[in-house]
Every structure is written in structure tokens, then in C-alpha cells.
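So the chains spell out like this:
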Amino acid sequence: MSEQHIITRKHSAITIWIKQEIESGRLRPGDKLPSESEICVRFGVSRSSARQAISNLAHAGWVESRKGIGTYCLARRSPEADDFALVCYYASSYIFPRIAAGFERATQRGGFHMILNQTEASVEKERGVLFKLRERGVRGIAIEPVIAGSEDGIAPRDLEYTNYQLLCEIQESGIQVVLMDNTFGDNRFPAIVLDDIATGAMAAHYLAERGHRDIAIVYSQEHRPFRLRRQGAVEYLTGMGIEMPADRLLAVGQVRECNAFFDRYFESRPRLPSSFFCCNDEMAIALYRAAHSRGYSIPSDFSVISVDNSDYAQLPGISLTSIDHPNQFIGEKAAQILLDGVITPNVHYRSTISIDPVVVERSSVKTLAGAPASEKN
């Protein structure tokens, strides 16, 4: 066991003991905590462990250190005041467990607990979750909001079909809010997103550099990040002089409808493009399934590139080139923003962190004849 792990375990024991003293009422608001020396003797630890425990409690709002005087208990907190809520589309599938893992790791490190919620990409279910969290009195909410919107931004009419106003009310009530993977087009809330327009452009560039000129884009018109990825790809390709006819823009409704969508697509016996850009891995896997069931081989018959670099990209028989989604980083950063808001409540953070895309290469994209020599296999 490393020395760092031993130190962490010791200051965690001190933190737990002080919390129990406060929750039991043995330490009341205004009471002075034992001195660092007394804590060191009680737990047999160094001053650094005692100081770390007190610092963590102070950051979380349990105690207040007064220079030259000592450390004092603050007003007793309800258990809910230790909760940060993570609100995702789904709790246990696709990239969401990784987001939750990053969020929970940072949350626990700051002395808080995670409450995990799922909305199933439904505005109505999301509204119900938010009402319950507001009633519960959580300290902060990190949410992937359900937003459709348009390629050019969010119009006022679009906000009518979201929970934007409810989130504003929750923020005004003192509960922090941070957005993940989606924004409302303003700076009302801090946000962490993959640069979706750049992501679409990168996917298009990757295919074009490998000789592809007949490219289909698969996206959901119900999810704004997908529309932005489509926008980035179309802008890049048209800027290269590559036409994008209407039959190469394949819009599905919800992602869960992709299997049926591709069944209909192949049954119509279309003129197949040389490659598909799918706006997430779930779409790409649905394309694989429908293609393989009809005898097509990827990338022999056509190439596929996608987004998210999820576990789906490496399923048996799948080797999908996919643009990475830094899901654990996004979860961890969202929690850190909430923690920063606890430590410095008078500092309001409203910036958007936009993450540059990175391609993770596998074997689903074929280099065609005529591609630049550096890109040929």
C-alpha cells in the first residue's frame, strides 16, 4: 500500500468522525473543534493529515477555520446538502457509465455524494427529475439537457420545448447547474461540450483525405449536437467542392429508431455511397447490423466513421473508426465546477469549455484509389 494511500485513508477517517460529531449534535453550530494537536493524538496521524481533513470539511461547508483562533462548526447541514445530482439520458448504457464514473470520482474526492438520474432523452421525464431534485435540495446539478434546436443556434420558440426556464429557476434558488454535451445557446450556465461543428468537419476531412467524395451523413434531427456535427461536415465538404445532395443527408428521428431506419433504407435498394459518417456509435452499429444481414462487408463495400469511441466501437466483429468522446473527463470536470461553486459561492462561472475532437483509428474506413499517397494503406 502506498504512503499516499495511507495518508488519504487517515484524513478520511478524521473527516468521517467530525461529520458524525456534527450530525449527532455533539458538535453544534459555533462549537470549536479539537485542535490539530488533539486530532493528531486521537488518530495517531501527522499534522498534514489533520490539516487535509479540516480543509476538506471547510471546502464542503461543514466547518470554518479562523486564523489564529481555531476551527468552528457551522450550521448543521441536512444530508441532502451533501448531494450532487448527475442527470443523463441513460444511467447504465452507452457512454453514460463513464461520465458517471468521472463525476462520482470527483464528487467523492470533494466529500459529496452522487445521485444518478436518467431522463431517456425525454423533456417530460427530465422535468419530473428536476422538480424532485429541487424539492430534495441538492447542492448542484450536472445535466445533459434535452434540446433539439437548429444548426444556427437556439431560437426562442425552441426553448419553449425545453426545461430552460425551470433550470433558470433552480439556479436562482441557489442550486448550481452545469451543462454537459449540449447548451441552450447562451452563457446562462457553465457548460462542457465536445466541439460538435469541428467534430463533423474532422470526420468529413478524414474521409475526403482517403479519397471519399460520395459521403452520406446519418444524424438525428431531434438532438442538437448531431445537427451541429452534420453542419460541420456539410460545411467542410461543400468548401472542398464536394456536393451534398439531399439523398446523402439521412435524418432519423430518435437514435433508438436507427435499426428500423436502416432496414427501410437497405430495403429501398439505394445507390450506396462510398462512405457513411454516423453522428454517434449507436447509429453506426445499427448500420453495421443492417448491412451485414444483407451481405455487405465494411469497409469492402463502404466505409464508416462515427463519433464517441464507445465500447460499441470494439464489439466482436466491429472495428469502428470513431472520434473520441472524453466522457470521463466531462463528468469529472462537471463535478469540479460544482465543487468550485461550493468553495467560492460568490464567483459565478459561465464559460463554455469546448473540447477539440480526436480521431481513434481502427479499420472501418478504406482508402480509395486517387487518395493522397500519404493516406494509402
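Look up a bit, the structure's there.
Residues numbered from 1 in each chain as written. Predicted model: local features only at pLDDT ≥ 70, side-chain atom pairs only at ≥ 80, totals over all residues. Heavy atoms only, no water.

A. Inspection of the overall build of the chain at higher detail. Helix and strand counts for the chain stand at 12 helices and 14 strands. Looking at the chain residue by residue over its 377 residues, the buried ones come to 50%. Here the analysis covers contacts within the chain between residues at least 6 apart in sequence; of these, 75% occur between residues at least 24 apart. Summed over all atoms, the accessible surface of the chain reaches about 17,600 Å², with 49% contributed by carbon and sulfur. (Helix = DSSP H or I, 4+ residues; strand = E, 2+ residues; numbered from the N terminus. Buried < 20%, exposed > 50% of the residue type's maximum accessible area, 1.4 Å probe, protein only. Contact = heavy atoms within 4.5 Å. Areas by Shrake-Rupley, 256 points an atom, 1.4 Å probe, with all protein chains shown as cover.)

B. Inspection of the nonpolar core at higher detail. Counting residues in hydrophobic clusters, the biggest one holds 89 residues, and the most contacted among them are Phe262, Phe276, Phe277 and Val304. In terms of residue count, the dominant contributor to this core is helix H11 (residues 281–293) (8 residues). Residues contacting Phe262, with those up to four places away along its chain left out, are Val218, Met283, Ala286, Leu287 and Ala290. Ala85, Ile143, Ile147 and Leu179 belong to the second largest nonpolar core, which has 21 residues in total. (Core = buried A, V, L, I, M, F, W, Y, C linked by side-chain atoms within 4.5 Å.)

C. Broad picture of the pairing of strand E8 (residues 215–220). Across the 6 residues of E8, 6 count as buried, placing the element largely inside the fold. Burial of the side chains of E8 extends over both faces: Ile215, Ile217 and Tyr219 are buried on one face and Ala216, Val218 and Ser220 on the other. Across 4 bridges, the pairing between E8 and strand E10 (residues 275–278) is parallel. Across the sheet, Val218 pairs through a bridge with Cys278, a residue of E10. Inspection of the sheet shows E8 paired to strand E9 (residues 249–252) by 4 bridges, in the parallel sense. For Ile217, the partnering residue across the bridge sits in E9 and is Leu249. As for the winding sense of the linkage, the β-α-β connection from E8 through helix H9 (residues 224–239) to E9 is right-handed. (Pairing = 2+ DSSP bridges. Right-handed = clockwise from strand over helix to strand, strands pointing away.)

D. Layout of helix H12 (residues 327–343). The end-to-end C-alpha distance of H12 is 25 Å, a good match for the 24 Å that 17 residues give at a rise of 1.5 Å each. Asn327, Ile330, Gly331, Ala334, Ala335, Ile337, Leu338, Leu339, Gly341 and Val342 are the residues of H12 that are buried. (Expected span 1.5 Å × (residues − 1).)

E. Layout of the pattern of salt bridges. According to the stated counting rule, one finds 19 salt bridges in the structure shown. Between Arg98 and Asp311 there is a salt bridge, with its nearest N and O atoms 2.2 Å apart. Here Arg98 is found in helix H4 (residues 96–109), whereas its partner Asp311 is found in the loop between strand E11 (303–308) and strand E12 (321–324), with 213 residues between them in sequence. The partner of Asp214 in a salt bridge is Arg271, and the shortest N-O contact between them spans 3.1 Å. Placement of Asp214 in the loop between helix H8 (196–209) and E8 and of Arg271 in the loop between helix H10 (258–267) and E10 is noted, with a sequence separation of 57 residues between them. For Asp214, a relative accessible area of 23% puts it in the partly exposed group. (Salt bridge = Lys/Arg side-chain N within 4 Å of Asp/Glu carboxyl O.)

F. Looking closely at the side chain of Thr162. Along the chain, Thr162 falls in the loop between helix H6 (156–159) and helix H7 (164–172). For Thr162, the side chain forms a polar contact with the main-chain nitrogen of Tyr164, separated by 3.2 Å. Here Thr162 is in contact with Val123, Arg127, Val146, Ile147 and Phe184, once residues within four sequence places are set aside. (Polar contact = N/O pair within 3.5 Å; in protein donor to acceptor, adjacent residues only side chain to side chain.)

G. View of the sheet that holds strand E14 (residues 359–360). The 6 strands are arranged E9-E8-E10-E11-E12-E14 in an open sheet whose pairing can be described as mixed. Taken across any chain shown, the strands that pair with only one partner, and hence form the sheet edges, are E9 and E14. Sheet strands in contact with H8 are E8, E10, E11, E12 and E14, and its direction is about 165 degrees off that of E10. Each of E8, E9, E10, E11 and E12 is contacted by H11, which is oriented at about 150 degrees to E11, the strand it contacts most. (Axes fitted to C-alpha atoms, helices over the stretch in contact; angles between N-to-C directions.)

H. Focus on the packing of H8 against H9. It is at 6 Å that the axes of H8 and H9 come closest, and there the two elements cross at 45 degrees. The pairing of H8 with H9 is recorded here as oblique in orientation. Here H8 and H9 pass one another in a crossing that is right-handed. Mapping the contact onto sequence places Asp196, Ile197, Thr199, Gly200, Ala201, Ala204, His205 and Ala208 in H8 and Pro225, Leu228, Arg229, Gln231, Gly232, Ala233, Glu235, Tyr236 and Leu237 in H9. Classifying every residue of the contact of H8 with H9 by side-chain character gives 9 nonpolar, 5 polar and 3 charged. (Parallel < 35°, antiparallel > 145°, perpendicular 65-115°, else oblique. Left-handed = near helix turned anticlockwise from the far one by under 90°. Nonpolar A, V, L, I, M, F, W, Y, C, P; charged D, E, K, R; others polar.)

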